[in-house]
Number of protein chains: 2
Amino acid sequence: MSDKIIMAHGSGGKLAHELIEKTFLNALANPLLAKLDDSAVFDFKGRLAFTTDSYVVKPIFFPGGDIGRLAVCGTINDLAMSGAVPLYLSLAFIIEEGLLRDDLIRILTSIQATSKEAGVLIVTGDTKVVDRGSADKLFINTAGLGLVPNGVNISGSNAKPGDKVILSGTMGDHGIAVMSQREGLIFSTLLSSDCAPLNGLVADMIEASSRIHAMRDPTRGGLATTLNELAAQSKVGIRIEEEKIPVRDEVRGACEMLGLDPLYVANEGKLVALVGPEDAEAVLEKMRRNSYGREASIIGEVRQDHPGRVVMKTRIGASRIVDMLVGDPLPRIC
Amino acid sequence: MSDKIIMAHGSGGKLAHELIEKTFLNALANPLLAKLDDSAVFDFKGRLAFTTDSYVVKPIFFPGGDIGRLAVCGTINDLAMSGAVPLYLSLAFIIEEGLLRDDLIRILTSIQATSKEAGVLIVTGDTKVVDRGSADKLFINTAGLGLVPNGVNISGSNAKPGDKVILSGTMGDHGIAVMSQREGLIFSTLLSSDCAPLNGLVADMIEASSRIHAMRDPTRGGLATTLNELAAQSKVGIRIEEEKIPVRDEVRGACEMLGLDPLYVANEGKLVALVGPEDAEAVLEKMRRNSYGREASIIGEVRQDHPGRVVMKTRIGASRIVDMLVGDPLPRIC
């Protein structure tokens, strides 16, 4: 076996079969995947949630995670944000010729560990190899299927005036951790990505309340962009308070140095939920007992006025409009 | 609007929203996609088929198709090969900075036309942009969901001795068409890719017979590799006759010039089916009435002897073992 991936590993022929059987199946084995038919086939009944994301993060290993863990968590979280219980994932690799087989195995091991943590199965997949210089080491796509439990109806368009805005934890950890690794910045050792599967946290929240109206994970574009999306989709205003938004000192320091605002930096293990006010405290309490929600807090509320707009009360007491991200200060963060 | 895709189109921020709303939704609009939530949510009941493939074909436009049509057909065909009726697709783009917006629109238009032809909906998607030199123009991933009708049980492991091997048409058209375009070969104008959605053809075949045991589309690795996969999965021997395998003169000529064997060249609109002998003629007749099966023929049969092996009676009457593809003479063909 060669220690690097070569073009023939993507040929569909003998080496491709060897790669799939020895490397992929070895790491990810489960009965549905092992059939190796063109599709995985299984019974399903109910409200199905279906989502996809590609991952192009650079570098592919970073403090607190890697592209494999990211690809599993990102798609699980997209399902969870719709209130779905994630069940099955597909996994498709685009590999640049020359990738070390050991790096591939390390990433597959991370994928398997994250899938296990989140209770999902990888049931179907694909591998392509492109010539050197036609990709950057490794891109991964995952698509995911989940079951939306009866009675759950969570959508970006369901927010209602009066809803409390609950944030599950600190902002900006993922983006700054990846950035610092990529650029070799000095604070790199102090900070880890928050990359995590949030389906367990969401299950706890749904158990605590049937009034979770909207939920989203503030990834690319950060909290500011996510809140703008929710305000636009639900045609409501959102008001938040700067001093209630938790940001780690290392992240704040790095952002000041780089001229970034933590509200626009990507997260990969955080969520924002818009919850009916009567249930907000119960949801918050439940979240704080989950390891991925320990620092959850209420950071604002949904308003009838200024629909489509997000307004923030700043630390010094002024109000300012928080717009969507413009430009891309931190590319290839996921 | 810029006429090229820039990094900020992948930021998740304002330009990303503009790209999605003005370009993607404009081309692909349907009510499920238009919700723009993290997942598409819909009811489903029955046996579900789930598959994924990434597409890295070079060039992205080729005679008879483009990467968009390929990405829709490829995933539809994987579903159809499991006997499923394809219903929903996800669509994820990895775009290299600098791609012309007009090229993107042309591809989205092709995706929409192919989806319409096949009767599937694009319900969820993702867009990433990477810096120039980190990808090659455009990579697409599609994942697909289909419904396997009651009573249908088609799998690569279900072939039985006695089954007839039915091939839906000529071999090698796609691979040679893409290759000739890429290399600027002289026969390029004579040949088109066979890229097509086969779900209609498969539906006709299933209507004609409940004895379709195994089915697969001979893409990467060609017919030779596909038959080897089926022989291995079902633990049967497969015997085919060279003179019964249809190959266009242009493809045969190009293969001779390039030192390739058409049996190892990729197809994107053909299928091979292993069918109980009592129904083979009925299936064949039905296939020939479908525009994608006009040249269908019986090319061999499944045997009890030499399990796992594919043996071909050559034009001159000798027998030779047909192995899987080794190496990759035609990379990035899909």
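Residues numbered from 1 in each chain as written. Chains lettered and ligands numbered in written order. Predicted model: local features only at pLDDT ≥ 70, side-chain atom pairs only at ≥ 80, totals over all residues. Heavy atoms only, no water.

**Regarding the packing of aromatic side chains**
Operational definition: Any pair of Phe, Tyr and Trp rings, taking the six-membered ring for Trp, is counted once the centres come within 6.5 Å. Such a pair is stacked with planes under 30 degrees apart, edge-to-face with planes over 60 apart, and tilted for the rest. Here a helix means four or more residues in a row that DSSP labels H or I, a strand means two or more in a row labelled E, and each is numbered from the N terminus. Burial here depends on accessible area, computed with a 1.4 Å probe over protein chains only, as a share of the maximum for the residue type. Under 20% is buried, over 50% is exposed, and the range in between is partly exposed. Whether a charge sits over a ring comes down to the Lys NZ or Arg CZ being within 6 Å of the ring centre and within 35 degrees of the ring normal.
This model, assessed by the stated rule, comprises 6 aromatic pairs over all chains. Arranged with centres 5.0 Å apart and planes meeting at 85 degrees, the rings of Phe24 of chain A and Phe93 of chain A form a pair that is edge-to-face. Of this pair, Phe24 of chain A sits in helix α1 (residues 14-28) while Phe93 of chain A sits in strand β4 (residues 85-96), and the two are 69 residues apart along the sequence. Residue Phe93 of chain A is classed as buried on the basis of its relative accessible area of 0%. The ring of Tyr55 of chain B carries Lys128 of chain A above its face, with NZ or CZ at 5.6 Å from the centroid.

**Quick look at the domain arrangement of chain A**
All names here are of chain A. Heads up, the condition is: Just so you know, the domain bounds were taken from an automatic or database domain assignment. A contact between two residues is defined here by any heavy atoms of the two lying within 4.5 Å. Put simply, buried area is the surface a 1.4 Å probe can reach on two separate parts but cannot reach once they are joined, added for both. In the sections that follow, a salt bridge refers to a side-chain nitrogen of Lys or Arg positioned within 4 Å of a carboxyl oxygen of Asp or Glu. Just so you know the grouping, Ala, Val, Leu, Ile, Met, Phe, Trp, Tyr, Cys and Pro go in nonpolar, Asp, Glu, Lys and Arg go in charged, and all remaining residues, Gly too, go in polar.
Assigned domains within chain A: domain 1 (7-148) and domain 2 (164-321). Inter-centroid distance (C-alpha atoms) of domain 1 to domain 2 is 27 Å. On the side of domain 2, 22 residues touch domain 1, which itself brings 20 residues to the contact. For the pair domain 1 and domain 2, the summed buried surface comes to about 1800 Å²; carbon and sulfur atoms form 63% of the total. When the buried area of domain 1 at its contact with domain 2 is split by residue, Pro63, Asn77 and Met81 rank highest and sum to 34% of it. At the surface where domain 1 touches domain 2, the tally comes to 0 salt bridges. Mapped onto the side of domain 1 that touches domain 2, the elements with two or more residues apiece are β2 (61-62), α3 (67-81) and α4 (101-118). A total of 9 residues in the side of domain 1 that touches domain 2 trace back to one element, the largest contributor, which is α3. Partitioning the side of domain 1 that touches domain 2 into residue classes produces 12 nonpolar, 4 polar and 4 charged.

**Remarks on the interface of chain B and chain A**
Put simply, the rule reads: N or O atoms closer than or at 3.5 Å make up a polar contact, with two conditions inside protein: a donor-capable atom paired with an acceptor-capable one, and, for residues adjacent in sequence, both atoms drawn from side chains.
Contacts between the two partners involve 76 residues from chain B, matched on the other side by 76 residues from chain A. Area buried by chain B at its contact with chain A is led by Asp38, Phe50 and Arg220 of chain B, which between them contribute 13% of it. One can count 12 salt bridges joining chain B with chain A. Across the pair Arg216 of chain A and Asp38 of chain B runs a salt bridge whose closest N-O atoms are separated by 3.8 Å. One can count 46 residue pairs in polar contact (both at pLDDT 80 or more) joining chain B with chain A. Those elements giving two or more residues to the side of chain B that touches chain A turn out to be α1 (14-28), β1 (40-55), α3 (67-81), β4 (85-96), β5 (121-130), β6 (138-148) and α7 (222-234) of chain B.

**Quick look at the relation of the copies chain B and chain A**
Rules: To superpose the copies, least squares is applied to the C-alpha atoms of every residue with a pLDDT of at least 70 in both.
Placing chain B over chain A gives an RMSD of 0.0 Å and needs a rotation angle of 180 degrees, together with 0.0 Å of translation along the axis. What the rotation and shift describe, once combined, is the action of a two-fold rotation axis. Looking at the interface residues of chain B, 100% of them are also at the interface in chain A, so both copies use one shared face.

**Some points on the sheet that holds strand β12 (residues 310-313) of chain A**
Adjacent strands of a sheet pair through backbone hydrogen bonds, lying either parallel or antiparallel. Residue and element names in this part refer to chain A. Put simply, the rule is: Pairing between strands is defined by DSSP: at least two bridges between them are needed. Geometry is summarised by axes, namely lines fitted to C-alpha atoms with helices restricted to the contacting stretch, and by angles between N-to-C directions that run from 0 to 180 degrees.
With mixed pairing, the 7 strands of this open sheet are ordered in space as β8-β10-β7-β11-β9-β12-β13. Each end of this open sheet is capped by a strand with a single partner; those strands are β8 (212-216) and β13 (319-321). The mean inter-strand angle of the sheet, taken between neighbouring strand axes irrespective of direction, is 25 degrees. Bridge analysis of β8 against strand β10 (residues 272-275) gives 4 bridges, and the strand direction is antiparallel. Its bridge partner being in β10, Ile212 is matched across the sheet by Val275.

**Digging into α3 of chain B**
Since the α-helix turns once every 3.6 residues, residues separated by three or four places project in the same direction. Residue and element names in this part refer to chain B. So the rule is basically this: Working rule for helices: expected span equals 1.5 Å times residues minus one.
Between its first and last C-alpha, α3 extends 21 Å over 15 residues, near the 21 Å set by a 1.5 Å rise per residue. In terms of residue burial, α3 counts as a mostly covered element, since 15 of its 15 residues are buried. The distance from a side-chain oxygen at the start of α3 to the backbone nitrogen of Gly68 is 2.7 Å, and the residue carrying that oxygen is Asp66. A positive backbone phi angle near 80 degrees is found at Gly83, which sits one or two residues after α3.

**Some points on the state of the cysteines**
Put simply, the rule reads: The criterion for a disulfide is a pair of cysteine sulfur atoms lying within 2.5 Å.
Applying the stated criterion across every chain, the model contains 0 disulfides over all chains. No disulfide involves Cys195 of chain A; its sulfur sits 4.0 Å from that of Cys73 of chain A, the nearest cysteine.

**A closer look at the confidence of the model for chain A**
Going by this rule: Residue-level confidence of the predictor is what pLDDT reports, using numbers from 0 through 100.
Per-residue confidence for chain A averages 95 on the pLDDT scale, and 99% of its residues sit at or above 70. On the interface metric, ipTM, the complex scores 0.96, and its pTM is 0.97.

**Examining the pairing of strand β12 (residues 310-313) of chain B**
Residues and elements named next belong to chain B. As defined by bridge partners, strand β9 (residues 237-241) adjoins β12 across 4 bridges and the pair is classed as parallel. Across the sheet, the residue bridging to Ile240 is Met312, located in β12. Pairing between β12 and strand β13 (residues 319-321): 3 bridges, direction antiparallel. Residue Val311 lies in a different strand from β13, and its bridge partner there is Ile321. Connecting β12 to the next strand, β13, in antiparallel fashion are 5 residues, including Gly317 with a positive phi near 95 degrees.

**Focus: the sheet that holds strand β11 (residues 297-303) of chain B**
All names here are of chain B. One open sheet accounts for 7 strands, arranged β8-β10-β7-β11-β9-β12-β13; its pairing is mixed. Every other strand in the sheet has two partners, leaving β8 (212-216) and β13 as the edge strands with one partner each. Mean inter-strand twist for the sheet, computed between neighbouring axes without regard to direction, equals 25 degrees. Sheet topology note: the strand β7 (residues 164-167)/β11 ladder contains 4 bridges and is antiparallel. When the bridges of β11 are listed, Leu167 appears paired with Ser297.

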